Every structure is written in structure tokens, then in C-alpha cells.
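Letter by letter, the chains look like this.
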Amino acid sequence: MLYTFQGKIIYLCRKYDTGDRYYKSVSERVERIEYGDSSSSFFVPPKSVQEKNEKLWILIGGNAALALEWYDFCAAVQQRYPHYSFLLYEYDGYGFNTKSTPSPESIDRSMKQLYETFSNNRKIPPEINLLGHSLGSAAVLRFAAANNKKVNIKKTILISPFTSMLDMARVVLGPLPFIETLLRHRWNNIESMKMLQQSKASIPKIFITHGTRDGIVPFDQGKKLYEAALSTGIDSVEFLPVQDANHNDIISRGFGDILDMMEQHDEDESCAVDTDT
């Protein structure tokens, strides 16, 4: 049963209520991007920008989030950085993407399709940035590891990341025998860090932030991922705890810190700094 239904446990494939007032309001402010086999995600354009100053962020939420639910975050960021734009990736099986089923491999493909479709149809900044929360951290990190030679990725922000789906299964289910054999959705952020380091391309600046009271993805998994990145030879990584934040309020509690991460200049060399809790 665990082998068969684990996809339904990992991915909470929610749909949009097109009659909802919030959906109607937000959908009028974004551009729907279609790609692949009837998939769609959304683009939040900058508020005001000269073309050369635009900064593009690809943003992916957690397994319970719809892409458009991040619009308020984008709007709040644009209050400070109006030249920022956001490509909000919608997971396979979520939102309007009813013809696809989510998995690490399918999400890899559809993210690449989204980026290629988007970049082929408009002039985009020469550098892009990535931000992911929870499962979204794993998705953006895999994208960075697989595409770092072809795509100029400047910054990657990982919010509340796990070390691996196997470690998360052990947190939820305990040390069951044969659990590794039963696991089909093998998200592994430590392996993605190794792949990124081995890409022989410029490594983006990486920020890992985690709430100290996260009751879903334990705080120590974010810390271990940071330590794993350092051990692979990635020194452009910083770990920032958010005191008293849990898994679902870290965005609001740590919003100021996230803004600072998004705008931190490349010339800052204080990357490999561990902040004790």
C-alpha cells in the first residue's frame, strides 16, 4: 500500500476554484504561460523596470501550494524591489495541469519545458534566480544541478528544505524495514548538491533558511544540508535559522531576511557563515 499510494501522500494535487474571489483577482494580474502537453504556470511581471535591470525569479512552493497562492509574496517583494519578476511554476497534477502526474522526473521535464518556452518567447535577463519552499526547494535544486551549464543561475534560496525523501519517510513512519526499497519518489537534496558541485560550472550563491520550530521538516535537516554543501566543496552557501518559525509561517516571520537574501550583492564574500542557534 505504501509503495502504491505514496504519490498521493507526497503530492496534494489541489485544483483552482475559478469562482473564488481571490483567484479572480489574482488571475487578472498575472500572465498564464502554456507549455508542454497542456501544462501551464504563471508570470508576474515587474512593476516598473528598465529592461536591463529586471531580475527574474523562478519560484516553487511546497507540496500543498498552488502557484498563484504565492502572488501576495511576489507583490510584497515588489513593494521593495519593483524591478523583480516571478515565474511561478505549477507542479504536474496541480492547478490546471490535470493531464500530468507529479514525480521527480516529470517535474524536472516540465520545469525545463517551462523555462525553455518562456525564454524562447521573450527577452529575459541574462541571469535568473531560484527560490523554493519545502518540496519546492528540492525541485529548484534539481533544476540548478541539471541545468547549471546552460542557464546562468545567480542565486538559489532554499526555504525549509529536507535532506532527502528517505529521511523524511523515516521522520514520518519511523525506521520501518525495507522503507528505502519501497520509496519511489527519490528526492535527494544532498545528492543534488553533489551534482551541482560536479557540474564544472559557476556555482550560484546558495541560501538555506529554516525555522527552528519546524514541526514538519525538522530544523536539523536544513542544517545538515548546509553542512553537506560545505563538505562537497560548495563554499558559496549560507545558513540562516529563523528563530521560533515553523514550517508554514517561516515566510512571514523570515520575510525581511528573505528580502535581504534576494538582493545581497555578489561582491559579498561572507557566504560560508554558519549562524548558531
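From a predicted model like this one, the values you see are computed outputs, not experimental measurements. (Residues numbered from 1 in each chain as written. Predicted model: local features only at pLDDT ≥ 70, side-chain atom pairs only at ≥ 80, totals over all residues. Heavy atoms only, no water.)

J.: Can you help me understand a nonpolar patch on the surface in this one?
T.: Taken together, the side chains of Val171, Val172 and Leu173 define a hydrophobic patch exposed on the protein surface, amounting to about 260 Å² of accessible area. Within the secondary structure, Leu173 sits in helix H6 (residues 165–173). (Patch = residues over 30% accessible without salt bridge, like charges linked within 9 Å, V, L, I, M, F, W, Y side chains within 5 Å. Areas by Shrake-Rupley, 256 points an atom, 1.4 Å probe, with all protein chains shown as cover. Salt bridge = Lys/Arg side-chain N within 4 Å of Asp/Glu carboxyl O. Helix = DSSP H or I, 4+ residues; strand = E, 2+ residues; numbered from the N terminus.)

J.: I tried to follow the side chain of Ser85 on my own but got confused; where do I start?
T.: Position of Ser85 relative to the elements: it lies in strand S4 (residues 84–88). Discounting chain neighbours no more than four positions away, the residues touching Ser85 are Phe43, Val44, Pro45, Pro46, Glu54, Lys55, Leu56, Trp57 and Gln78. (Contact = heavy atoms within 4.5 Å.)

J.: Would you explain the packing of aromatic side chains in this entry?
T.: In this description, an aromatic ring pair is defined by two values, namely the gap between the centres and the angle between the planes. What the rule picks out here adds up to 14 aromatic pairs. Ring plane angle 55 degrees and centroid distance 4.9 Å describe the contact between Phe43 and Phe118, whose orientation is recorded as tilted. Taken together, the positions of Phe43 in strand S2 (residues 39–44) and Phe118 in helix H4 (residues 104–120) put the pair 75 residues apart, joining distant regions of the chain. Judged by relative accessible area, which is 3%, Phe118 ranks as buried. Each member of the aromatic cluster is reached from another via a ring pair, and the members are Tyr16, Tyr23, Phe42 and Phe96. Lying over the aromatic face of Phe96, Arg32 brings its terminal NZ or CZ to 4.2 Å of the ring centre. Geometry around Phe43 places Arg122 over its ring, the cationic atom sitting 5.0 Å from the centre. (Phe/Tyr/Trp six-rings, centres within 6.5 Å; stacked < 30°, edge-to-face > 60°. Buried < 20%, exposed > 50% of the residue type's maximum accessible area, 1.4 Å probe, protein only. Lys NZ or Arg CZ within 6 Å of the ring centre and 35° of its normal.)

J.: I would appreciate a short explanation of the side chain of Ser236 in the present structure.
T.: Within the element layout of this structure, Ser236 appears in the loop between helix H9 (219–231) and strand S8 (237–242). Engagement of the side chain of Ser236 in a polar contact is seen with the backbone oxygen of Pro204, the distance being 3.1 Å. (Polar contact = N/O pair within 3.5 Å; in protein donor to acceptor, adjacent residues only side chain to side chain.)

J.: What exactly am I supposed to notice about the sheet that holds S2 here?
T.: Adjacent strands of a sheet pair through backbone hydrogen bonds, lying either parallel or antiparallel. Read across the sheet, eight strands follow the order S1-S2-S4-S3-S5-S6-S7-S8 without closing on themselves; strand pairing throughout is mixed. Single-partner strands in this sheet number two, and they are strand S1 (31–35) and S8. Looking at each pair of strands side by side, their axes are set apart by 20 degrees on average, direction ignored. Here six bridges tie strand S7 (residues 205–211) to S8, and the two strands are oriented parallel to one another. Following the sheet pairing, His210 is matched in S8 by Pro241. Packing against the sheet, helix H5 (residues 135–147) makes contact with strand S3 (55–60), strand S5 (128–133) and strand S6 (153–159), and its axis sits at approximately 150 degrees to S5. (Pairing = 2+ DSSP bridges. Axes fitted to C-alpha atoms, helices over the stretch in contact; angles between N-to-C directions.)

J.: What exactly am I supposed to notice about the environment of Gly93 here?
T.: By the element assignment, Gly93 lies in the loop between S4 and H4. Each C-alpha atom, one on Gly93 and one on Leu135, is 15 Å from the other, the two residues being 42 residues apart in sequence. With residues up to four places along the chain from it excluded, the contact list for Gly93 reads Cys13, Arg14, Lys15, Ser100 and Pro102.

J.: I keep staring at the nonpolar core and nothing clicks. Help me out?
T.: One broad trend across soluble globular proteins is that nonpolar side chains are buried collectively. One finds Phe73, Phe86, Ile128, Leu131 and Met262 to be the most contacted residues of the largest nonpolar core, which totals 86 residues. In terms of residue count, the dominant contributor to this core is H5 (eight residues). (Core = buried A, V, L, I, M, F, W, Y, C linked by side-chain atoms within 4.5 Å.)

J.: Whenever I open this one, the packing of H5 against helix H8 (residues 189–197) confuses me. Can you help?
T.: The relative placement of two packed helices comes down to the angle between their axes together with the axis-to-axis distance. Where H5 contacts H8, the two axes come as close as 8 Å, and the packing angle between them is 25 degrees. Comparing the axis directions of H5 and H8 gives the class roughly parallel. In this structure, H5 meets H8 at a crossing whose hand is left-handed. Residues Ser137, Ala138, Leu141, Arg142, Ala144 and Ala145 of H5 lie in contact with H8, whose contacting residues are Asn189, Ser192, Met193, Met195 and Leu196. (Parallel < 35°, antiparallel > 145°, perpendicular 65-115°, else oblique. Left-handed = near helix turned anticlockwise from the far one by under 90°.)

J.: Can you help me understand the confidence of the model for the protein in this one?
T.: Detailed conclusions should not be drawn from predicted coordinates in areas where pLDDT is low. With 91% of its residues at a pLDDT of 70 or more, the protein has an overall mean of 90. Under a pLDDT of 50 for its full length, residues 266–277 has, in the predicted model, 27 contacts with residues more than four places off or in other chains. (pLDDT = per-residue confidence, 0-100.)

J.: I'm lost on the packing of helix H3 (residues 71–80) against helix H11 (residues 255–263) in this one. Help?
T.: Between H3 and H11, the shortest axis-to-axis distance is 11 Å and the interhelical angle comes to 65 degrees. The two elements H3 and H11 meet at a crossing, and its hand is right-handed. The residues of H11 that touch H3, namely those facing Phe73, Ala76, Val77 and Arg80, are Phe255, Ile258, Leu259, Asp260 and Met262.

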